[in-house]
Amino acid sequence: MKASRPQLKLDSLRFSIKKNTHVDTQKSKLSTFASPSAVGAIGGCLEILENESFDTSGNFWLQFSFPSFFFLSSWYVTLLKSLSSILHVNSSCRESILDVPATRGRHNKRWHLAFATIYCSRALHSLLNKKSSKPPVSTHSFVVLSVEPHLAFPNIDHTSLTAVVKEKNLDQLRELGGVEGVADALKTDTKNGIHGAVEDVAERQETFGSNTYPRPPTKSFFYFVLEAFKDLTILILLACATLSLGFGIKEHGPKEGWYDGGSIFVAVFLVISVSAVSNFRQNRQFEKLSKVSNNIEVEVVRGGHRQKISIFDIVVGDVACLQIGDQVPADGLFLAGHSLQVDESSMTGKSDYVEVNSSHNPFLFSGTKVADGYAQMLVTSVGMNTTWGEMMSTISRDTNEQTPLQARLNKLTSSIGKVGMAVAFLVLVVSLARYFTGITEDENGNREFIGSNIKAVDMVNSMVTIIAAAFTILAVAIPKGLLLAVTLILTYSMKRMMADQAMVRKLSACETMGSATTICTDKTGTLTLNQMKVTKYWLGKEPVEDSSSIATNVLKLIQQGVALNTTGSVYKASSGSSKFEFSGSPTEKAILSWAVLELDMDMEILKQNCTILHVEAFNSEKKRSGVSIRSKADNTIHVHWKGAAEMILAMCSRYYDASGSMKDMDDGERMIFEQIIQGMAASSLRCIAFAHTQIPGEQHEIGVGLQNLKEHSLTLIGLVGIKDPCRPGVRKAVEDCQCAGVNVKMITGDNVFTARAMATECGILRPDQDMTSEAVVEGEVFRNYTPEERLEKVDKIHVMARSSPFDKLLMVRCLKQKGHVVAVTGDGSNDAPALKEAHIGLSMGIHGTEVAKESSDIIILDDNFTSVATVLRWGRSVYDSIQKLVQLQLTMNVAALVINVVAAVSAREVPFTVLKLLWVNLILDKLCALTFATGQPTKDLMEEPPVRRTQSLITNIMWRNILGQALYQIAVVLTLQFSGESIFDVNEKVKDTLILNTSVLCQVFNQVNARKLEKKNVFEGMHKNKLFWGIIGITIILEVVVVEFLKKFADTERLSWKQWGACIGMAALSWPIGWVVKCLPVSDKPFLSYLNW
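Criteria and cut-off values
Residues numbered from 1 in each chain as written. Predicted model: local features only at pLDDT ≥ 70, side-chain atom pairs only at ≥ 80, totals over all residues. Heavy atoms only, no water. Helix = DSSP H or I, 4+ residues; strand = E, 2+ residues; numbered from the N terminus. Buried < 20%, exposed > 50% of the residue type's maximum accessible area, 1.4 Å probe, protein only. Contact = heavy atoms within 4.5 Å. Patch = residues over 30% accessible without salt bridge, like charges linked within 9 Å, V, L, I, M, F, W, Y side chains within 5 Å. Areas by Shrake-Rupley, 256 points an atom, 1.4 Å probe, with all protein chains shown as cover. Salt bridge = Lys/Arg side-chain N within 4 Å of Asp/Glu carboxyl O. Pairing = 2+ DSSP bridges. Axes fitted to C-alpha atoms, helices over the stretch in contact; angles between N-to-C directions. Core = buried A, V, L, I, M, F, W, Y, C linked by side-chain atoms within 4.5 Å. Lys, Arg positive; Asp, Glu negative; His and termini not counted. Charge placed at Lys NZ, Arg CZ, Asp CG, Glu CD. Phe/Tyr/Trp six-rings, centres within 6.5 Å; stacked < 30°, edge-to-face > 60°. Lys NZ or Arg CZ within 6 Å of the ring centre and 35° of its normal. Polar contact = N/O pair within 3.5 Å; in protein donor to acceptor, adjacent residues only side chain to side chain.

A. Molecular detail of the overall build of the protein chain. A count of helices and strands for the protein chain gives 38 helices and 29 strands. Across the 1093 residues in the protein chain, those meeting the buried criterion constitute 54%. Counted over contacts in the protein chain with a minimum sequence separation of 6, partners at least 24 positions apart contribute 74%.

Have a look at this one:
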């Protein structure tokens, strides 16, 4: 009798060989079971064992692998049983592994056995040859072979199963017993899922792997250090520092000669450190963002209970629930569901949806999206065992994204750099001319260049000093710290926005949100709490207050329509418990809760008594769902519909009255039902209708109702009104947006009466704006406008009801054509086009689908419109902070550039040495950047109109402030440069220290001026920002250290209290000068337009 084919098994065996027998004895026993070729192959392997060393216990462990199909063949059983009989394998152990009877089968195809024996011998040879370096020992007399299982799931070969799913091999799937056979092998209950205990989940993760994949290695801190060294300015300064250090030591000795070069090295080191730390922190921030963004919640069934878990916690054997817009969390097989269509374009590149069902295509792949329908799937592969995991492990998130504002700053920096290069070249030429003409003098008043008598070392040293000064001017002219500071502002803002329930997926959205002029928002879950409850039920033309008054036949139909036409579920913890858990969308949970708690519906019994034939899943376009069922009791077919009340009403020609009698619906009665619907809608209730029809017996045979559900001549069962309260704080947030010049438009799928009532409650509509005004419109009406009419009326529309995703997309396009900067909220997969089309796409973090989230720029984590208003405030804060920083930076750059040029051309020494310029420009501006990066959004920002995207980054107001402060600093420093020694009666070194000290303190006081670009009171609210005061304090302390304690290193002299007071007094004059400058009027025409830039 032929041995039965075993199920999918282990892919390896472990052998324990002991000293128990001679090889000749083994061969003689083997010949009774196998062919001569098999005897020779296996016997040869056993002879090798005689020359191998054993461990101290006499054991020699071997483990060798076979191809997966090898274990599926019955000749594998014959071979192993032959070996077992010869080598005294424990029979019970063998059968527990093989799951086959102990009888030996005979094969007609002898090549099967030959292949198996050869493969076995080669595996043994390969493994034993690894031990060939050990000295041979004496021949052993006796050998025992025992086979032991080492996997928790002996009935499944995961490698083969993974291949079956990836290759969509239906034939092999059938050989495994179909989906049910695979579920049994994975110890999964197709209805209740896995047990879900901690030990069970851990065991599955250990056996099959976790649903994660290795990311490319993150960039280390030293990577960013090396990136900072690639800056040309830094390299030139390092070269100058090296030459200065070498010549300084040679000229003045190691004790004194290292100060100039060493000080430049230290300054450059500090600059590189700050830059590397900032970029490293930004990279880490993006890594955290990527982890949060990828941590999707997935609904699974464990222990009969639906629950949401992280996608990373999915294990092989899980039963996962899929709905429209969900991402398939892992590779798997279709268990149950209806009308499931999957978008596999992310895997195949084809845009056509693929239908998935149990008969022809039960295969589901990780990373694909559910386009329609719903289903449950059996997870068969996770993590790196999926195609998606293999692909994603090679992809890293781009952390070098450049925002439009950063691009504009790059252009500005480039323009300033060209000016700085020209000025630096001019200073270089003038300095060289002064040097070679003998004008330049050393510290003792002697000419530095004395023709042919000068030493080469002295000339090179002087040349290095001149070139270093020129390049330092270039470094001063280019605001290199500006881009780093902007990155700091954006990164810090992203972190704070995350704390305010907004996760930024694209950096550009931070700044673009500050320019938003229109916000198109959903109603459900965004303006409302999304905590729905059925508060009204109408049967016929009468409201029902007590469920006991409902006729039995109508009650049965309502329960059928609720229980079988839903994607939700009901879970009862135990038979004796009275508590229920409801899952599904908020609307589904509200209806299920009402039916179970008030109508005593038993969902499980209803499902057992009926067979679902066909399902039409709900989506935002159809606004209804339907199901056809077959009753097992009388074999009748029924069709149930549920959806938007006026749409279901239009499909009905009859209705059930309060007594349970069916009546025809004429036009007068239809109007009464419409008034009932409008009345509930006016109370901000969402109206849902239920309808039913029975397919006549003569239509059963031709399949009516099986695939295409009947959509006309239905009978209205009843109407329910669902209350979804407005969120607290929404009205205030809407008013804040309107005060900020941002129009808020509500786009909803609810009917026009519900939409108007909710919009009035939220403050989007005024009470005096009635239905006849153009402020409220239905999606179909808007869609049917001509393009010219849409453009004319789109600004007047505040509410669009009964809208489809296409209507939302159409409105976004119209608003963009009108020049608006549009932000759109969305949660469904059909909202993806509008989210992508808008300037800023805002998806919902709780009820948003994965398709919507991937199409958005910002994810609102709490689904709250108040958070949308917070994002708007942060967007404006980012733009405002960057403008303040640009103003402060350009003031420093303009002043330092003019001072150095004037000093160099006037045949005097440049007032700032390399180290001093680096301190003032490259180090100090980074501390200033932290001052503005850590600022909080203020109420003032929401009292100003949106910033136009075409508006120049540097406004006329900023130019006025820049020129006013820069001219004052230039006047002060040049006065000190030319007359400082006589005014303060000090030597040149003290004068240079006074110049440095005054310049730094001017920047400190100017930071306070920069807090307000237009307002004269710059001290308002300053006491609330402790970090601002902390950074100001650190800057002053560092300046004191440089002046008072780094005398030789920074080339400074200690100052007296009187001199410190003079420096502070001159710097403090920046405040009254700033107040006077802000009194000067400015033109609306951009300043640079006068220069035709």
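B. Fine view of a nonpolar patch on the surface. A grouping of L226, F229 and L235 is seen on the molecular surface, where their side chains present a nonpolar patch of about 270 Å² in accessible area. On the secondary structure map, L235 appears in helix 11 (residues 232–256). For L235, a relative accessible area of 42% puts it in the partly exposed group.

C. Structural view of the sheet that holds strand 27 (residues 822–826). The strand order 11-29-28-27-12-24-26-25 describes an open sheet built from 8 strands, whose pairing is mixed. Sheet topology places strand 11 (502–504) and strand 25 (776–778) at the edges, where each strand pairs with a single neighbour. Strand after strand, the sheet turns through a mean of 20 degrees between neighbouring axes, direction not considered. Across the sheet, helix 25 (residues 752–762) lies against strand 24 (743–747), strand 25 and strand 26 (799–801), angled at about 150 degrees from strand 26, the strand it touches most.

D. Spatial organisation of the nonpolar core. Judged by nonpolar contacts, the single largest core of 77 residues is most densely connected at M513, I764, I840, I858, F865 and V886. With 13 residues, the top contributor of residues to this core is helix 31 (residues 865–905). In contact with M513, other than residues within four places in its own chain, are I519, A823, I840, L842, V868, V871, L872 and G875. One finds V316, A330, M377 and V379 within the second-largest nonpolar core, a separate group that totals 38 residues.

E. Molecular detail of the environment of I957. Among the secondary structure elements, I957 is positioned in helix 33 (residues 956–984). In this structure the C-alpha to C-alpha distance between I957 and S1083, which are 126 residues apart in sequence, comes to 8.7 Å. Look past the residues within four positions of I957 in its chain and what remains in contact with it is L1013, E1014 and V1082.

F. Structural view of a positive patch on the surface. Together, R281, K288, K291 and K495 line one region of the surface with positive charge. Assignment of secondary structure puts K291 in helix 12 (residues 259–294).

G. Examining the pattern of salt bridges more closely. This structure, assessed with the given rule, holds 30 salt bridges. E711 is the salt-bridge partner of R624, the closest N and O atoms lying 3.4 Å from each other. Taken as a pair, R624 in strand 18 (residues 624–631) and E711 in the loop between strand 22 (685–695) and strand 23 (714–723) lie far apart in primary sequence, 87 residues in all. The partner of D795 in a salt bridge is K818, and the shortest N-O contact between them spans 3.5 Å. Linking D795 in the loop between helix 27 (787–793) and strand 26 with K818 in the loop between helix 28 (805–817) and strand 27, this pair joins segments that are 23 residues apart in sequence. A single salt-bridge network, built from bridges that share partners, covers D522, K808 and D831.

H. Structural detail: the packing of aromatic side chains. Scanning all chains against the criterion turns up 12 aromatic pairs. Seen in terms of ring centroids, F782 and Y785 are 6.2 Å apart; in terms of plane orientation they differ by 75 degrees. Their pairing is edge-to-face. For F782, a relative accessible area of 0% puts it in the buried group. Members of the aromatic cluster, each reached through a chain of ring pairs, are F221, F222, Y223, F224 and F280. Above the ring of F153, the side-chain terminus of K187 is found at 4.9 Å from the ring centroid. Over the ring of F1028 we find R1011; its NZ or CZ atom is 5.7 Å from the centre of that ring.

I. Expanded view of the environment of N751. For N751, the position within the fold is in the loop between strand 24 and helix 25. The exposure class of N751 is buried, given its relative accessible area of 6%. For N751 and A644, which are 107 residues apart along the polypeptide, the C-alpha to C-alpha distance reads 8.1 Å. Polar side-chain contacts of N751 include one of 3.0 Å to the backbone nitrogen of F753.

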